[in-house]
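In case you want the letters, here they are:
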Amino acid sequence: MHQILLNNNIMEYKIKTIGVLTSGGDAPGMNAAVRAVTRAAIANNIRVKAIFRGYKGLMDDEVQEFTTQDVSGIIQRGGTILKSARSDEFKTPEGRKRAYNTIQKEQIDALIVIGGDGTFTGARLLAQEYNIPIIGVPGTIDNDLWGTDSTIGYDTALNTIMDCVDKLRDTGTSHERLFLVEVMGRDAGFLTLNAAIAAGAEAAIIPERATLEEQLEAAIGQGRRKHKNSGIVLVQEHAIPGGAQAVAKIIEEAHPEYDTRVTILGHLQRGGSPSAFDRILASRFGCAAVQALLDEQRSIMVGLQNGEVIYVPLTKAIKEKKDIKDDKWQALQVLSL
Ligand code: F6P
């Protein structure tokens, strides 16, 4: 319920219409989340207005009412049917005023925003400035949001990277080459470290752990001692300036005996049909986001902790830093020996 002051009386009114948008980098499973939000809301007699192109569409009034049919046949589709965008204008007070104008015009009582860190930062400001109930649904392949063990899209991206590395190992082993594989993740190494464990890589170079020299010694020095002449090293895109190309250059200078190759996986990591895990996660998150609004919650993110769906304050999800697990880092060191 919203509370409004009318003729000095506190009046309460139900949330009648919610807006839903996807913003920032797309992630497999976002469509499953849009489907869940739409169907859970309609099941509770709440109208759904789909906002296209994220905050840009909110500012430009790119809005369409959705029925349950509008989200038919999308659970298996990668990307986002709502489109996505990154908007600099929304970062300004003027941009957010334009967004609020659309919210008023479309009679939207609350928003569910599906995205990552940048999406939630914008949501928090809009909620503060215009007193709008907003619920965040974590959708990013980076898995870098505090308060949830997994974000929508992370599991699918991990599997995509693992499949690619498996294929690179076939050719790398045949030609006795060292492959430096660049992995996305913005500032976080979750994708890189976990894909390295899953694919049996020789090393992972991530921003959160050790120096580059130490990590290279783990990757190259140990390999040489064991007379390994091929291998796979996963390099987080921002672990060092220049990413995997820069690491290859350092190795080629120090160890000319290695025949190195670089593969930048790039945006293929964001595509593809969502895994069962991501479809289920997105479906649970979408329903939980609607339930949060019914329970009069605001400015929170839905998350997954120990298998349970929980709610955490948006502020904490943005500001707190999620750590990579020590046991995983240790496991990679031991298992790549
Ligand atoms: O946040 C998702 C992500 O794919 C990051 O891993 C990556 O650094 C970034 O988005 C790439 O952004 P863009 O699609 O704008 O190139």
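Residues numbered from 1 in each chain as written. Predicted model: local features only at pLDDT ≥ 70, side-chain atom pairs only at ≥ 80, totals over all residues. Heavy atoms only, no water.

Undergrad: Quick rundown of the layout of surface pockets? Include the residues and the values.
TA: Estimates place the volume of the largest pocket at around 600 Å³. Surrounding the largest pocket, 31 residues form its lining, G24, G25, R86, G118 and T119 being those nearest its centre. Here the lining of the largest pocket takes six residues from helix α4 (residues 117–130), the largest share from any one element. Counted by class, the lining of the largest pocket contains six nonpolar, 14 polar and 11 charged residues. (1 Å grid on protein atoms, 1.4 Å probe; cavity = no way out; pocket = protein on both sides within 12 Å on 5 of 7 lines; lining within 4 Å. Points joined across faces, edges and corners; volume = space filled by probe spheres on them. Helix = DSSP H or I, 4+ residues; strand = E, 2+ residues; numbered from the N terminus. Nonpolar A, V, L, I, M, F, W, Y, C, P; charged D, E, K, R; others polar.)

Undergrad: Describe in detail helix α3 (residues 93–105), supporting the description with residues and values.
TA: What sets the pattern is the α-helix's 3.6 residues per turn: residues three or four places apart point alike. In a regular helix each residue adds 1.5 Å, so 13 residues correspond to 18 Å; α3 covers 18 Å between its end C-alpha atoms and thus fits that length. Along α3, the positions that sit buried rather than exposed are G95, R96, A99, Y100, T102 and I103. Buried residues of α3, viewed axially, fall in a sector of 155°; they line one side. Seen from the open side of α3, the exposed residues pointing more than 90 degrees away from its buried face are E94 and K105. In this structure, the buried side of α3 is in contact with α2 (54–60), β5 (63–66), β6 (110–115) and α4. Just beyond α3, the residue with positive phi is Q107, at close to 55°. (Expected span 1.5 Å × (residues − 1). Buried < 20%, exposed > 50% of the residue type's maximum accessible area, 1.4 Å probe, protein only. Arc of directions from axis to C-beta. Contact = heavy atoms within 4.5 Å.)

Undergrad: Which residues make up the pattern of salt bridges, and what values go with them?
TA: Applying the stated criterion across every chain, the model contains 18 salt bridges. Note that D60 is salt-bridged to K56, the shortest N-O span being 3.0 Å. Of this pair, D60 and K56 are both found in helix α2, four residues apart, which corresponds to roughly one turn of the helix. Classification of D60 by relative accessible area gives partly exposed; the value is 33%. Taking the relative accessible area as the measure of exposure, K56 reaches 37% and is therefore partly exposed. Where D60 meets R98, a salt bridge forms, and the shortest distance between an N and an O atom there is 3.1 Å. Within this pair, whereas D60 is found in helix α2, its partner R98 is found in helix α3, the two being separated by 38 residues in sequence. Overall, the relative accessible area of 31% leaves R98 in the partly exposed class. When salt bridges that share partners are traced, they join K56, D60, E89 and R98 into one network. (Salt bridge = Lys/Arg side-chain N within 4 Å of Asp/Glu carboxyl O.)

Undergrad: Residue-level account of the nonpolar core, with values.
TA: By size, the foremost hydrophobic cluster in this structure holds 65 residues, and its most contacted members are I18, F66, I112 and L234. Not counting residues up to four positions away in its chain, the partners in contact with L234 are V165, V181, V183, T192, A195, A196, A201, A203, A204 and I205. Membership of the second largest hydrophobic core comes to 25 residues, among which are L58, M59, A123 and M301. (Core = buried A, V, L, I, M, F, W, Y, C linked by side-chain atoms within 4.5 Å.)

Undergrad: Could you give an account of a nonpolar patch on the surface, with specific residues and numbers?
TA: A cluster of nonpolar side chains, V334, L335 and L337, forms an exposed patch at the surface whose accessible area comes to about 330 Å². If you trace the backbone, V334 turns up in helix α11 (residues 326–335). A relative accessible area of 53% places V334 in the exposed class. (Patch = residues over 30% accessible without salt bridge, like charges linked within 9 Å, V, L, I, M, F, W, Y side chains within 5 Å. Areas by Shrake-Rupley, 256 points an atom, 1.4 Å probe, with all protein chains shown as cover.)

Undergrad: Any details on unusual backbone geometry? Residues and values, ideally.
TA: Its identity is not glycine, yet Q107 carries a phi of approximately 55°, on the positive side. According to the relative accessible area criterion, Q107 is exposed, its value standing at 59%. One non-glycine residue, E296, lies in the positive phi region at around 65°. What makes E296 partly exposed here is its relative accessible area of 48%.

Undergrad: Tell me about the sheet that holds strand β10 (residues 231–236), and name the residues and values.
TA: Pairing within the open sheet is parallel, and its four strands lie in the order β9-β10-β8-β11. The sheet is open, and its two borders are formed by β9 (203–205) and β11 (260–264), each paired with just one other strand. The sheet shows a mean angle of 20° between the axes of neighbouring strands, taken without regard to direction. Pairing analysis gives six bridges linking strand β8 (residues 178–183) to β10, with the strands arranged parallel. Counted as the bridge partner of L178 is G231 from β10. Contacts between helix α8 (residues 243–254) and the sheet are confined to β8, β9, β10 and β11, with β8 contributing the most and set at about 155° to the helix. (Pairing = 2+ DSSP bridges. Axes fitted to C-alpha atoms, helices over the stretch in contact; angles between N-to-C directions.)

Undergrad: Please provide a residue-by-residue account of the packing of aromatic side chains, values included.
TA: In this structure the tally under the stated criterion is three aromatic pairs. Consider the rings of F52 and F66, whose centres lie 6.2 Å apart with planes at 75°: the pair is edge-to-face. With F52 in the loop between β4 (47–51) and α2 and F66 in strand β5, the pair connects residues that are 14 residues apart, well separated along the chain. Side by side, F52 and F66 carry an identical accessibility label, which is buried. Geometrically, the ring pair formed by Y55 and F90 is stacked, given 3.9 Å between the ring centres and 0° between the ring planes. With Y55 in helix α2 and F90 in the loop between β5 and α3, this residue pair connects regions lying 35 residues apart in the sequence. Considered together, Y55 and F90 belong to a single accessibility category, that of buried residues. In this structure, K322 is placed above the aromatic ring of F190, and the distance from its NZ or CZ to the ring centre is 5.4 Å. (Phe/Tyr/Trp six-rings, centres within 6.5 Å; stacked < 30°, edge-to-face > 60°. Lys NZ or Arg CZ within 6 Å of the ring centre and 35° of its normal.)

Undergrad: Run through the site of the ligand, naming residues and quoting values.
TA: With respect to spatial proximity, the complete set of residues near the ligand consists of R86, I141, D142, M184, G185, R186, E237, H267 and R270. Taking D142, its side chain carries an N or O atom lying 2.6 Å from an oxygen atom of the ligand. In this structure, G185 approaches the ligand through a main-chain N or O atom, which is 3.0 Å from an oxygen atom. A majority-of-atoms criterion places the ligand in the largest pocket. Residue composition of the shell around the ligand, by class: two nonpolar, two polar and five charged. (Near = heavy atom within 4 Å. Polar contact = N/O pair within 3.5 Å; in protein donor to acceptor, adjacent residues only side chain to side chain. Sits in = over half its atoms within 2 Å of the grid points.)

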